[in-house]
Amino acid sequence: MKSRTAQRIAFAVLLAVSCVVFLPVVSIFVILVKEGGGALTPEFLFTMPSEGMRSGGILPAIIGTLLIVVCAIAVTLPVGVLAAIYLNEYAKDNLLTRVIRLAIVNLAGVPSVVFGLFGLALFVMMLNLGVSVIAGALTLSIMELPSIITTSRNALSSVPASFREVSLSLGVSRWRTIRHVVLPNAVPGILTGAILSLARIAGETAPILFTAAAFYVTRLPHSLSDQVMALPYHLYIISTQIPNMPSKLTYGTALTLVLLVFLMSLAAIILRIIFRRRKKW
Amino acid sequence: MKKITAAGLNLHYGTFHALIDVSLGIEPNKITAMIGPSGCGKSTLLRVFNRMNDAIEGVRVAGNVELDGENILAYRDDEAIDILRRKVGMVFQRPNPFPLSVFENVAFGMRIHKLARGRELEDRVAESLKAVLLWDALKDKLKRSALSLTLEQRQRLCIARLIAVTPDVILLDEPCSSLDPVATLKIEELMLELKKRYTIIIVTHNMAQAARVSDETGFMLLGRLVEFGETSRIFTAPQAKETEEYITGRYG
Ligand SMILES: Nc1ncnc2c1ncn2[C@@H]1O[C@H](COP(=O)(O)OP(=O)(O)OP(=O)(O)O)[C@@H](O)[C@H]1O
Ligand SMILES: [Mg+2]
């Protein structure tokens, strides 16, 4: 009886803690919708800012963010998947692969502002790409590489070993086994990981601070070497650098960013459900 | 002439000596059964014949194993091994079709090896399914997921997927151990049918099965091939004491 009571108390505490985790998410959302929901008009989403950003829309920041994030994934996904294939399907456990694994773990622990400075030094200055979409995207792609490699590896290793075995036993080469058997079955996991990465880097400020983001540009980006506005950086600017900023627009911008990230995560979740329903082993 | 001969075959997993001086000859178009207690090296021996042990780290193989007079242990490059595996196919203990349709499972090897396409591919899929006596049951359900089949049908499908790439030799590693007795008998009938065209080696724990289907039987114990010969003789007049003890059920 006594242990029963203890168990009840423990469960109650666990439930309370879980609610505490839940609470900030809900309150952030509620506040953003309450304060900024009214700002989300088509005009706000699809026009250029005006009057020193105190009115008008945030279109260039939305486009800038999408552009940077998509370019970053376009770079990091193939590299990450290939690295994951090597590590999971080919590499034996030796000094080289241990060093690579260590590097991946450590890369994941580097603060994002350090990536920003690194991107500034390498891409903006040394490779002379300037402050541009491409420099920001490359910086983010390096930052996101560890997580892409890790999720891709997990996706690959969740493909049953028996599939590989059968394929090899039919005289299919190792590479073609990976290409035709392992990869198709790992694609759902890889894609889900990629979209979650997209969502995460969409909100990053520090890595693009010195590499891609502009305070204000008068036109939409024309090429990848253009400097762009980006949602998180724009949000930072309008909340700290611009006097008399209507708070509705600040909250509206924040809400837009959160919704963007939320939609991406949702897409990942839906994708995962669809694929899980289809796979049955 | 023998289809496969092994002479002085030794295999180590790291420091563990899993096959010790194994020598035998496999007759073409016959069913050879390998029996013996768990862990004696039956699967290991089977996987020598299609070099599937290569994937395991720390395996060392020595000796001579010839397929049609060619030493398959001498193959060094991956391509030669891939070609060997098309000749010496394998059916696994657990039926393991891909999560694809019935058709795509059978077509898998032919597509990858570019053996057939279009109309011809369809014909050869049908042929393979007929050979494993699945055609009548599945000819209208080719688009169904292979995972919707019964275990016995799945195992047949795996055999169809294998014979679609035209092997010479079929290795079966306890192919019936996850099947019920009726399904087991049906797979055995299939084996008797298949031996007209293929050389078959089967590993089994089921001595009655070995006695029913095989022409020759090898008894293994702790990595050694204790006795090898005609099935009828092995089961009626075993020469080695260990064989007699095993087939009369005094071993595990
Ligand atoms: N990858 C491996 N690494 C180390 N030892 C192994 C490995 N695979 C098998 N062995 C050992 O080699 C011996 C023979 O294994 P094998 O699987 O060939 O036995 P088996 O006769 O097929 O047994 P079972 O009837 O249980 O399938 C066993 O003692 C096993 O522990
Ligand atoms: Mg075995």
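Residues numbered from 1 in each chain as written. Chains lettered and ligands numbered in written order. Predicted model: local features only at pLDDT ≥ 70, side-chain atom pairs only at ≥ 80, totals over all residues. Heavy atoms only, no water.

**Student:** Mind showing me how you'd approach the overall build of chain A here?
**Tutor:** Helix and strand counts for chain A stand at 11 helices and 2 strands. From first element to last, N terminus to C terminus, chain A shows the α and β order α-α-β-β-α-α-α-α-α-α-α-α-α. Dimensions of chain A, computed from C-alpha atoms along their principal axes, come out at roughly 70 × 70 × 35 Å. Look at the contacts in chain A between residues 6 or more apart in sequence, and 75% of them connect residues 24 or more apart. Per element, the accessible surface of chain A, about 14800 Å² overall, is 70% carbon and sulfur. Between the mean site of the 22 positive side-chain charges and the mean site of the 9 negative ones, chain A shows a separation of 14 Å. (Helix = DSSP H or I, 4+ residues; strand = E, 2+ residues; numbered from the N terminus. Contact = heavy atoms within 4.5 Å. Areas by Shrake-Rupley, 256 points an atom, 1.4 Å probe, with all protein chains shown as cover. Lys, Arg positive; Asp, Glu negative; His and termini not counted. Charge placed at Lys NZ, Arg CZ, Asp CG, Glu CD.)

**Student:** In this structure, what is going on with the interface of chain A and chain B? I would like to understand it.
**Tutor:** A common measure of how large an interface is: the accessible area buried when the components associate. Facing the 18 residues of chain A at the interface are 22 residues of chain B. The three residues of chain A that bury the most area against chain B are Val166(A), Ser169(A) and Leu170(A), which together make up 34% of that side's buried surface. Counting the contacts that link chain A with chain B gives 0 salt bridges. The tally of links between chain A and chain B comes to 2 residue pairs in polar contact (both at pLDDT 80 or more). Among the elements of the structure, helix H7 (161-169) and helix H8 (174-202) of chain A are those that each provide at least two residues to the side of chain A that touches chain B. (Buried area = accessible area lost by both parts, 1.4 Å probe. Salt bridge = Lys/Arg side-chain N within 4 Å of Asp/Glu carboxyl O. Polar contact = N/O pair within 3.5 Å; in protein donor to acceptor, adjacent residues only side chain to side chain.)

**Student:** How should I be thinking about the site of ligand 1 in this particular structure?
**Tutor:** Residues and elements named next belong to chain B. Neighbouring ligand 1 are 13 residues, the closest being Ser38, Gly39, Lys42, Ser43 and Thr44. The side chain of Ser43 places a nitrogen or oxygen atom 2.7 Å from an oxygen atom of ligand 1. Thr44 is positioned with one of its side-chain polar atoms (N or O) 2.4 Å from an oxygen atom of ligand 1. Protein contacts shield 65% of the accessible area of ligand 1, which totals 630 Å² for the unbound molecule. Those elements that place two or more of their residues in the shell around ligand 1 are strand E2 (16-26) and helix H1 (42-49). Examining the composition of the shell around ligand 1, we find that 3 residues originate from one element, H1, more than from any other. (Near = heavy atom within 4 Å.)

**Student:** For this particular structure, what's the right way to read helix H1 (residues 2-36) of chain A?
**Tutor:** It helps to recall that an α-helix has 3.6 residues per turn; residues three or four apart then point in one direction. Between the first and last C-alpha of H1(A) there are 51 Å, a value that for 35 residues agrees with the 51 Å anticipated at 1.5 Å per step. Of all the bends found along H1(A), the most pronounced is centred on Phe22(A) and spans about 25°, while Pro24(A), a proline, follows it within four residues. (Expected span 1.5 Å × (residues − 1). Bend = angle between axes of the 7 residues up to and from the residue.)

**Student:** Any chance you could explain the packing of aromatic side chains here in plain terms?
**Tutor:** Both the distance between ring centres and the angle between the ring planes are used here to describe each pair of aromatic rings. Under the criterion given, the structure shown has 6 aromatic pairs over all chains. Arranged with centres 6.4 Å apart and planes meeting at 80°, the rings of Phe118(A) and Phe123(A) form a pair that is edge-to-face. Overall, the relative accessible area of 39% leaves Phe118(A) in the partly exposed class. For the ring pair Phe163(A) and Phe98(B), a centre distance of 5.8 Å and an interplane angle of 80° mean the geometry is edge-to-face. Of the two residues, Phe163(A) sits in helix H7 while Phe98(B) sits in the loop between strand E6 (88-91) and helix H3 (102-112), which places them in two different chains. The same class applies to Phe163(A) and to Phe98(B), which are both buried. Grouping aromatic residues by their ring pairs yields a cluster made of Phe163(A), Phe98(B) and Phe108(B). (Phe/Tyr/Trp six-rings, centres within 6.5 Å; stacked < 30°, edge-to-face > 60°. Buried < 20%, exposed > 50% of the residue type's maximum accessible area, 1.4 Å probe, protein only.)

**Student:** Help me understand the pattern of salt bridges in this model?
**Tutor:** Close approach of charged atoms allows side chains of opposite charge to pair. Counted under the stated rule, the structure contains 19 salt bridges over all chains. Among the charged side chains, a network of salt bridges with common partners joins Asp93(A), Arg98(A) and Arg101(A).

**Student:** It is not clear to me how the packing of helix H3 (residues 59-90) of chain A against H8(A) should be interpreted in this structure. Could you clarify?
**Tutor:** Helix packing for two helices is described by the angle between their axes and how far apart those axes are. Residue and element names in this part refer to chain A. Contact geometry of H3 with H8 gives a least axis separation of 9 Å together with a crossing angle of 140°. Helix-helix and strand crossings are classified by hand; for H3 and H8 the assignment is right-handed. Residues Thr65, Val69, Val70, Ala72, Ile73, Leu77, Val81, Ile85, Glu89 and Tyr90 of H3 pack against Arg174, Trp175, Ile178, Val182, Leu183, Ile190, Ala194, Ser197, Leu198, Ile201 and Ala202 of H8. Looking at side-chain class alone, the contact of H3 with H8 contains 17 nonpolar, 2 polar and 2 charged residues. (Axes fitted to C-alpha atoms, helices over the stretch in contact; angles between N-to-C directions. Left-handed = near helix turned anticlockwise from the far one by under 90°. Nonpolar A, V, L, I, M, F, W, Y, C, P; charged D, E, K, R; others polar.)

**Student:** What is the right way to read the confidence of the model for chain B from this model?
**Tutor:** The predicted structure's coordinates, where accompanied by low pLDDT, should not be read in detail. Overall, the predicted model of chain B reaches an average pLDDT of 92, with 99% of residues at or above 70. Among the scores for the predicted complex, ipTM is 0.91 and pTM is 0.85. (pLDDT = per-residue confidence, 0-100.)

**Student:** Even after reading the chapter, I still don't get the packing of helix H5 (residues 112-126) of chain A against helix H6 (residues 133-157) of chain A, so can you show me in this structure?
**Tutor:** All names here are of chain A. Orientation of H5 relative to H6, taken along the N-to-C sense of each, is 130°, at an axis distance of 9 Å. Put simply, H5 runs oblique to H6. The handedness of the crossing between H5 and H6 is right-handed. Across the interface between the two elements, Ser112, Phe115, Gly116, Phe118, Gly119, Phe123 and Val124 from H5 touch Ala135, Leu138, Thr139, Ile142 and Met143 from H6. Grouping the constituent residues of the contact of H5 with H6 by class yields 8 nonpolar, 4 polar and no charged. (Parallel < 35°, antiparallel > 145°, perpendicular 65-115°, else oblique.)

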